[in-house]
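Given next are the chains, with one letter for each unit.
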Amino acid sequence: MEWPWLFLYLSLHITGCQKNPPIFQTPPRIIALNNSTMELVCALKSEQFTQSGIYWYRWSKEFQDFQYVLYSNVFQKHTITNNIDKNRFNVSKGSSRHAYTLKIRNLQPLDTGTYYCAVSHSSELLFGNGTELSVVDSLPSTEKPTEKTPPPTKPLRCITPAKKKGSSCSGFIWASLVACAVILLLSLVAAVRRFQRLRRRLRLHFSKQ
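Let us look at the structure shown here. Per-chain numbering applies: the sequence of each chain, read as written, is numbered from 1 onward. Where totals are concerned, whole chains, interfaces and linings use all residues; where local detail is concerned, this predicted model gives features only for residues with pLDDT of at least 70, and gives and counts side-chain atom pairs only at 80 or more. Hydrogens and water molecules were not included; the side-chain quantities draw on all heavy atoms of the structure.

Let's talk about the environment of Pro22
Phase 1 of the analysis: Mapped onto the secondary structure, Pro22 falls in the loop between helix 1 (2–15) and strand 1 (23–26).
Phase 2 of the analysis: Each residue gets one of three labels from its accessible area relative to the maximum for its type: buried under 20%, exposed over 50%, partly exposed in between, using a 1.4 Å probe on protein chains only. Overall, Pro22 belongs to the buried group, its relative accessible area being 12%.
Phase 3 of the analysis: If we skip the residues at most four places from it in the chain, Pro22 touches Ala43, Leu44, Lys45, Phe49 and Leu126. Counting from the N terminus, the helices are DSSP H or I runs at least four residues long and the strands are E runs at least two residues long. Contacts are residue-level and defined by heavy atoms, with any inter-residue pair within 4.5 Å sufficient.

Quick look at the structure:
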């Protein structure tokens, strides 16, 4: 009985590597508590894949084998294997047109495994991408580790050197003094020229007399 399961395992992984698979399962992984209920969805690309019904298998990592779970046809009639509790496993039509939901109630540790939905098409069994289910006693903590906050630091103050008094006004004062000196010099030159002209006139006047 090992060779048929080996062939099933190989065909499963070959069809699961297609770029555009005809079957897609969600979610890819579920972590659920004991005695809780979980649902996984098997979406089919086309309605033609639902004509022959849907098969459900479970891959057990612990026992390293595939286990047939149940079969559901278009009339919602189920055929469940003997070692599966019929009261806990159920398949129903999903919200979309070509989607089917597998619901498992009162989860137990033996339900742990990877579940695959499959359809028979053109003498070939096509499998979905699989949903890994882990049944645990307690969910893993999602709290982030507390980080020590550093003590508040005092804001840094920029200290600028004090300016000497009067340094800001020294440039203006010197410019004013230079301007006044230039004005006085020009006034003095003008006054000297007027005095020379007046002197010449007086000489001419006295020389005529």
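Picking up where we left off.
Some thoughts on unusual backbone geometry
Phase 1 of the analysis: With omega at -10°, the peptide bond leading from Thr26 into Pro27 counts as cis.
Phase 2 of the analysis: Within the fold, Pro27 resides in the loop between strand 1 and strand 2 (29–33).

Focus: a nonpolar patch on the surface
Phase 1 of the analysis: A cluster of nonpolar residues, Leu185, Leu188, Val189 and Val192, forms a patch on the protein surface that exposes about 340 Å² of accessible area.
Phase 2 of the analysis: For Leu188, the position within the fold is in helix 2 (residues 167–208). Two distance rules govern patches: like charges are joined within 9 Å, and nonpolar side chains (Val, Leu, Ile, Met, Phe, Trp, Tyr) within 5 Å, applied only to residues with over 30% relative accessible area and no salt bridge. Where accessible areas are quoted, they stem from the Shrake-Rupley method and a 1.4 Å probe; at the residue level, only the protein chains shown are allowed to cover. What counts as a salt bridge is simple: a side-chain nitrogen of Lys or Arg found within 4 Å of a carboxyl oxygen of Asp or Glu.

Structural notes on the layout of surface pockets
Phase 1 of the analysis: Cavity and pocket criteria rest on a 1 Å grid covering protein atoms alone: a 1.4 Å probe that fits but cannot get out defines a cavity, protein on both sides within 12 Å along at least 5 of 7 lines defines an open pocket, and an atom within 4 Å of a point defines a lining residue. Grid points are joined across faces, edges and corners, and a volume is the space filled by probe spheres set on the points. Taken as a whole, the largest pocket encloses approximately 370 Å³ of empty space.
Phase 2 of the analysis: Going through the elements one at a time, strand 4 (54–60), strand 5 (65–72), strand 9 (113–121) and strand 11 (131–136) are the ones with two or more residues in the lining of the largest pocket.
Phase 3 of the analysis: Ranked by the residues each element gives to the lining of the largest pocket, the list is headed by strand 11, at 4 residues.
Phase 4 of the analysis: The class makeup of the residues in the lining of the largest pocket is 7 nonpolar, 9 polar and 5 charged. All residues other than Ala, Val, Leu, Ile, Met, Phe, Trp, Tyr, Cys, Pro, Asp, Glu, Lys and Arg, Gly among them, are scored as polar; the first ten of these are nonpolar and the last four charged.

Comments concerning the sheet that holds strand 1
Phase 1 of the analysis: Only strands that DSSP links by at least two bridges are regarded as paired with each other. An order of 1-3-8-7 is seen for the 4 strands of this open sheet, with the pairing classed as antiparallel. For this open sheet the edge positions go to strand 1 and strand 7 (89–93), each flanked by a neighbour on one side alone. Within this sheet the neighbouring strands show an average axis-to-axis angle of 20°, counted without direction.
Phase 2 of the analysis: As paired strands, strand 1 and strand 3 (residues 38–44) are joined by 4 bridges and run antiparallel to one another. Each residue of the ladder has a partner; that of Thr26, found in strand 3, is Val41. Axes here refer to lines fitted to C-alpha atoms; in helices the fit is confined to the stretch in contact. Angles between the N-to-C directions go from 0 to 180 degrees.

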